[in-house]
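# Chain and residue survey
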Amino acid sequence: MLGSVNPDINRMVQDLCLVLMSMAKVSGWTLPKSQRQQAPYVSKTQLVDVLEQIAILLELSGANGFRVRAYQNGSRTLASMEEDLFTIVSENRIVEIKGIGKGIGGLITEAVMEGTWGDMQSLYDKIPPGLIEIVGIPGLGPKRARILHESLGIDSVEALKTACELGHVSPLSGFGEKSQKKYLEGIDLLRRYQGRTRMDVGLLYGRALQQKISEISGVEKAQLAGSARRRRETIGDLDVVVSSLPENHQNVIENILNLPGIAEVKGYGESKVSLILEQEMLSNSVNSGSLDERLAETLIERNSDATIDAQVRIVNPEMFPFTLAYFTGSKEHNIRMRQEAINRGLRLNEFGLFPEVLAEGKIGMEAAKYTLKCSDESEIYNNLDMNWIPPEMREDMGEIEAASLSKSSLPKLIQPSDLRGAFHNHTVYSDGTNTLEEMAQAAQSLGWEYLGIADHSETLNIGGRQIGIPSGTVPKQSDEIIRLNKNWKDQGINFRLFHGSECDILADGKLDYSDEVRNLFSHVVGSVHALGSWRNRDEIENTEALIRAIEDPTFTILGHPTGRILQVREGFPIDMHAVIRRMGELNSDGYLKAIEINASPYRLDLDWRLCKYAKEQKVPICINPDAHDTSGLDDVWYGVQIARKGWLESSDILNTKSSLEIESLFND
Ligand code: DGT
Ligand code: CA
Ligand code: ZN
């Protein structure tokens with residue numbers, strides 16, 4: 001299910017409850033009904049999901065542990081099976097597969113050959129959907145959900161929330177105050193993110209819809225607005241503004257309603273269409289070989305039932321800039337803009353910018369003919385004595401002031417093409433899937449001058465399996481890098497690798513490896529991975545430990561500063577302002593202590609809200625893809641969006657510097 005996500009993320013998401021969080025919906029689960037006319041009636045992916053669901057439902061219903069584990073194993077076995085499932089089933093070989101017993105083999109065979117699910121429907125009917133949703137709360141598995149159900153009658157998230165608030169959960173044996181508090185936080189997280197979509201997926205849908213609408217005849221322009229245009233890390237719904245002559249509106253709307261990939265039309269009127277998009281929207285809409293295409297493939301491969309809502313507004317061409325600006329938001333930015341207009345005797349809304357003396361008493365469209373003409377957004381801003389504000393910055397975080405013509409202090413935001421390399425990337429030496437040479441090749445084809453390798457350090461292991469590079473192997477990687485660098489130099493190619501490490505920050509704030517080993521690296525990306533102890537500690541202790549690590553002379557870059565995974569888990573408690581302040585001091589003392597914007601769309605950590613502070617404290621920022629394969633390097637694009645959102649300019653970013661400058665900064 002999660003196979004195509006980078007392994008680092010993969011691992012974290014393996015935490016069962018996290019997976020369930022995305023699977024569990026208030027509506028509960030249903031067994032797939034096949035639309036096919038012949039076998040195979042269901043796909044392997046569907047079976048993997050169903051077996052996993054059955055295991056959870058069985059556990060919720062109090063079934064015996066062996067049975068539960070049999071379904072869990074069955075699901076896992078199928079997921080990792082390479083041979084074609086239909087062939088195996090057709091040849092009656094399914095029970096010969098290790099990990100699949102007679103019962104489950106029978107169920108698989110029935111589902112594949114006939115499209116039915118034995119007597120499983122009764123199990124699906126038996127468990128209240130609310131109980132399934134509870135299993136999605138971090139820290140709360142099926143076993144505990146069942147205890148809560150049996151002892152307190154809890155069968156919904158709301159009921160659990162109330163019980164926690166009333167203190168009814170902590171006295172239960174095996175629960176305690178800590179769990180109770182954690183569930184409340186988990187519920188909050190679940191609610192906050194429900195119905196939101198990560199930026200990468202949201203933009204994929206947004207661009208596809210925008211493109212399909214642009215191709216409709218009679219459409220002059222279609223543009224993405226809302227949080228997608230502002231590059232928020234997650235997107236609630238998509239907003240698209242379409243410009244079209246009035247006589248074409250009806251035809252345009254009809255064509256939009258008939259686009260492929262619409263799961264549901266929620267409503268439409270003369271100038272607005274409200275839709276739910278599904279995956280088919282993505283097919284044939286993205287250029288081959290592009291980042292979008294790869295993302296689309298990943299999404300479709302995962303067979304996710306992700307949908308996203310979209311609001312499309314169709315307006316006359318002269319109204320377009322006003323409608324675009326309004327629906328780009330943010331609401332907070334709009335409110336400030338409206339006030340700026342009022343201060344000048346003007347009225348600003350989605351229809352236009354009206355001198356009050358003319359439009360007085362008229363409302364909405366009625367006033368439209370009195371608007372000042374603006375051919376694009378920048379003319380709207382100019383009419384309010386401001387420079388045009390890049391959409392990413394429209395969050396009412398000082399941009400209105402910075403944009404005023406008297407001040408003109410808007411930053412010149414960084415662009416993806418400003419980057420000359422990146423410092424946090426993995427190879428086959430740890431958990432990456434590409435070699436040093438392959439990663440270097442990919443970096444060169446992005447036009448980069450250098451690539452920093454930072455494989456995991458010795459301590460990192462997952463379930464006992466060592467992921468990090470043992471001390472003894474570090475020199476081998478070093479030699480290989482020296483050899484590659486020499487080759488490029490001899491050939492006159494302006495490209496080199498920097499040999500760094502993604503070094504674990506241990507719970508006490510010490511860094512992994514000995515001083516001696518760490519001194520071999522050109523740069524050390526210090527990251528927290530053993531989140532357990534950090535998440536169970538208070539902010540003060542964590543902040544002290546993190547600062548201790550940063551103060552180590554070999555420490556250069558703080559990796560994914562809070563450890564958050566968007567929509568999955570919050571980072572550990574930390575006073576990031578204090579950390580950044582200390583890093584600023586160390587920089588002014590002549591050390592290089594940079595902070596990373598981890599550009600993986602799952603993380604986007606450092607948060608954009610803290611970028612400005614880091615800049616003020618003179619802490620250099622790196623935009624790092626944390627790539628685990630060659631295509632992962634492309635993730636820097638998301639990091640650049642976040643840097644822009646955080647007001648950063650090219651000169652604030654470490655990896656816009658030349659190879660020579662980096663060499664001197666790293667003393668390499
Ligand atoms: P989202 O969809 O939750 O990720 O965030 P947005 O920013 O896309 O918000 P959305 O879709 O509710 O509305 C799109 C834009 O429309 C929003 O950014 C600003 C504008 N807007 C919506 N409601 C209001 C409002 O009540 N007042 C003002 N001034 N603007 C609004
Ligand atoms: Ca929106
Ligand atoms: Zn990491």
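Scoring rules and cut-offs
- Residues numbered from 1 in each chain as written.
- Chains lettered and ligands numbered in written order.
- Predicted model: local features only at pLDDT ≥ 70, side-chain atom pairs only at ≥ 80, totals over all residues.
- Heavy atoms only, no water.
- Helix = DSSP H or I, 4+ residues; strand = E, 2+ residues; numbered from the N terminus.
- Rg over C-alpha atoms; globule rule 2.2 N^0.38 Å.
- Buried < 20%, exposed > 50% of the residue type's maximum accessible area, 1.4 Å probe, protein only.
- Contact = heavy atoms within 4.5 Å.
- Areas by Shrake-Rupley, 256 points an atom, 1.4 Å probe, with all protein chains shown as cover.
- Lys, Arg positive; Asp, Glu negative; His and termini not counted.
- Charge placed at Lys NZ, Arg CZ, Asp CG, Glu CD.
- Donors = N, O, S within 2.8 Å, 3.2 Å for Na, K, Ca; no water.
- Expected span 1.5 Å × (residues − 1).
- Polar contact = N/O pair within 3.5 Å; in protein donor to acceptor, adjacent residues only side chain to side chain.
- Domains from an automatic or database assignment.
- Phe/Tyr/Trp six-rings, centres within 6.5 Å; stacked < 30°, edge-to-face > 60°.
- Lys NZ or Arg CZ within 6 Å of the ring centre and 35° of its normal.
- Axes fitted to C-alpha atoms, helices over the stretch in contact; angles between N-to-C directions.
- Parallel < 35°, antiparallel > 145°, perpendicular 65-115°, else oblique.
- Left-handed = near helix turned anticlockwise from the far one by under 90°.
- Near = heavy atom within 4 Å.
- Nonpolar A, V, L, I, M, F, W, Y, C, P; charged D, E, K, R; others polar.
- Tetrahedral: all angles 85-135°; square planar, octahedral: opposite > 155°, others 65-115°.
- Core = buried A, V, L, I, M, F, W, Y, C linked by side-chain atoms within 4.5 Å.
- Salt bridge = Lys/Arg side-chain N within 4 Å of Asp/Glu carboxyl O.

## So, the overall build of the protein
Secondary structure assignment for the protein yields 29 helices and 17 strands. Against the globule reference of 26 Å for 668 residues, the protein gives a C-alpha radius of gyration of 27 Å, in line with a compact fold. Projected onto its principal axes, the C-alpha coordinates of the protein cover approximately 80 × 60 × 60 Å. Expressed as a percentage of its 668 residues, the buried residues of the protein come to 54%. Contacts in the protein between residues far apart in sequence, at least 24 positions, make up 69% of those at least 6 positions apart. For the protein, the accessible area works out to roughly 29000 Å², and carbon and sulfur atoms hold 49% of it. Charged side chains of the protein number 71 positive and 95 negative; the gap between the two group centres comes to 2 Å.

## Quick word on the coordination of the zinc ion (ligand 3)
Distances from the zinc ion (ligand 3) to its protein donors, Glu502 (OE), His529 (NE2) and His560 (NE2), fall at 2.1 to 2.3 Å. In primary sequence terms, the donor set of the zinc ion (ligand 3) follows E-x26-H-x30-H. With His529 in the loop between strand E14 (523-527) and helix H24 (531-535) and His560 in the loop between strand E15 (557-558) and helix H26 (576-588), this pair connects stretches of sequence that are 31 residues apart. Of the two residues examined, His529 and His560, each falls in the buried class.

## Digging into helix H25 (residues 539-551)
Taking 1.5 Å of rise per residue, 13 residues should cover 18 Å, and H25 covers 18 Å from first to last C-alpha, within 8% of that figure. Regarding H25, the residues found buried are Asn542, Thr543, Ala545, Leu546, Ile547, Ala549 and Ile550. The secondary structure elements touched by the buried residues of H25 are H24, E15 and H26. Looking at where H25 begins, the residue whose side-chain oxygen comes 3.2 Å from the main-chain nitrogen of Ile540 is Asp538.

## As for the domain arrangement of the protein
Structurally, the protein comprises domain 1 (24-126), domain 2 (129-193), domain 3 (197-315), domain 4 (320-403) and domain 5 (420-460 + 468-666). With centres defined by C-alpha atoms, the gap from domain 2 to domain 4 works out at 46 Å.

## Details of the packing of aromatic side chains
This model, assessed by the stated rule, comprises eleven aromatic pairs. Ring geometry for Trp534 versus Phe572: centroids 5.1 Å apart, planes at 45°, classification tilted. Here Trp534 is found in helix H24, whereas its partner Phe572 is found in the loop between E15 and H26, with 38 residues between them in sequence. Clustering of aromatic rings is evident, with ring pairs tying together Phe423, Tyr450, Phe498 and Phe666. The ring of Trp534 is capped by Arg537, whose NZ or CZ atom sits 4.7 Å from the centre of that ring. In this structure, Lys612 packs its charged tip against the face of Trp647, placed 3.7 Å from the ring centre.

## Topic: the packing of H25 against H26
Between H25 and H26, the least distance of the axes is 10 Å, while the angle of their chain directions is 20°. Accordingly, the angle class assigned to the pair H25 and H26 is roughly parallel. Crossing angle aside, the handedness with which H25 passes H26 is right-handed. Residues Thr543, Leu546, Ile547, Ile550 and Glu551 of H25 touch H26, and the partners they reach there are Ala578, Val579, Arg582, Met583 and Leu586.

## A word on the site of ligand 1
Close to ligand 1 lie 16 residues, the nearest being Arg196, Ser227, Arg230, Gly236 and Asp237. Arg230 is positioned such that a nitrogen or oxygen atom in its side chain is 2.8 Å from an oxygen atom of ligand 1. Looking at the shell around ligand 1, the elements that each hand over two or more residues are helix H13 (226-229), helix H16 (320-328) and helix H17 (331-343). In the shell around ligand 1, the residues fall into three nonpolar, seven polar and six charged.

## Points about the packing of helix H12 (residues 199-214) against helix H28 (residues 636-645)
Remark: H12 packs on H28, axes separated minimally by 11 Å, with the N-to-C direction vectors making an angle of 95°. Classified by the angle their axes make, H12 and H28 are roughly perpendicular. Along the contact surface, H12 presents Met199, Asp200, Leu203 and Arg207, while H28 presents Trp637, Tyr638, Gln641 and Ile642. Its residues assigned to classes, the contact of H12 with H28 comprises five nonpolar, one polar and two charged.

## Examining the coordination of the calcium ion (ligand 2)
Of the protein atoms, only Asp237 (O), Asp237 (OD) and Asp239 (OD) coordinate the calcium ion (ligand 2), at distances of 2.2 to 2.5 Å. Coordination geometry of the calcium ion (ligand 2): the six donor atoms subtend angles of 71 to 172° at the metal centre, consistent with an arrangement described as irregular. Relative accessible area serves as the criterion here: at 10%, Asp239 is assigned to the buried category.

## Some points on the nonpolar core
Within the largest apolar cluster, 98 residues are counted, with the highest numbers of intra-cluster contacts made by Ile213, Ile256, Leu277, Val312, Leu497, Ile595 and Ile623. Here this core gets eight residues from one element, more than from any other, and that element is H12. When residues of this core are sorted by domain, at least three fall in each of domain 3 (197-315) and domain 5 (420-460 + 468-666). Not counting residues up to four positions away in its chain, the partners in contact with Ile213 are Val219, Ala222, Val240, Val242, Ile256, Leu259 and Val312. Counting 51 residues, the second-largest nonpolar core is a separate cluster that includes Val68, Ile100, Val135 and Ile187.

## Comments concerning unusual backbone geometry
Omega for the peptide link from Ala39 to Pro40 comes to 0°, which places this bond in the cis form. If you trace the backbone, Pro40 turns up in the loop between helix H2 (16-23) and helix H3 (44-60). For the peptide bond that leads from Gly329 to Ser330, omega is -5°, which places it in the cis range. A positive phi angle is found at Asp396, which is not glycine, with a value near 50°. The residue Asp396 is located in the loop between helix H19 (377-383) and helix H20 (399-403) in this model. Look at Trp647: it is not a glycine, yet its phi comes out positive at around 70°. Note on placement: Trp647 falls in the loop between H28 and helix H29 (659-666).

## Looking at the pattern of salt bridges
What the rule picks out here adds up to 33 salt bridges. Its salt-bridge partner being Glu356, residue Arg347 comes within 3.2 Å of it at the nearest N-O pair. When its relative accessible area of 18% is taken as the criterion, Arg347 is described as buried. The salt bridge involving Arg609 is made with Asp607; its shortest N-O contact spans 2.7 Å. Connected through salt bridges with shared partners, the residues Arg230, Arg232, Glu233, Glu395, Arg564, Asp607, Arg609 and Lys645 form a single ionic network.

## Overview of the side chain of Ser501
As for its placement among the helices and strands, Ser501 is situated in strand E13 (residues 496-504). Its relative accessible area of 1% is what places Ser501 among the buried residues. Not counting residues within four places of it along the chain, the set of residues in contact with Ser501 comprises Ile453, Ala454, Asp455, Ser457, Tyr513, Phe521, His523, Val524 and Val525.

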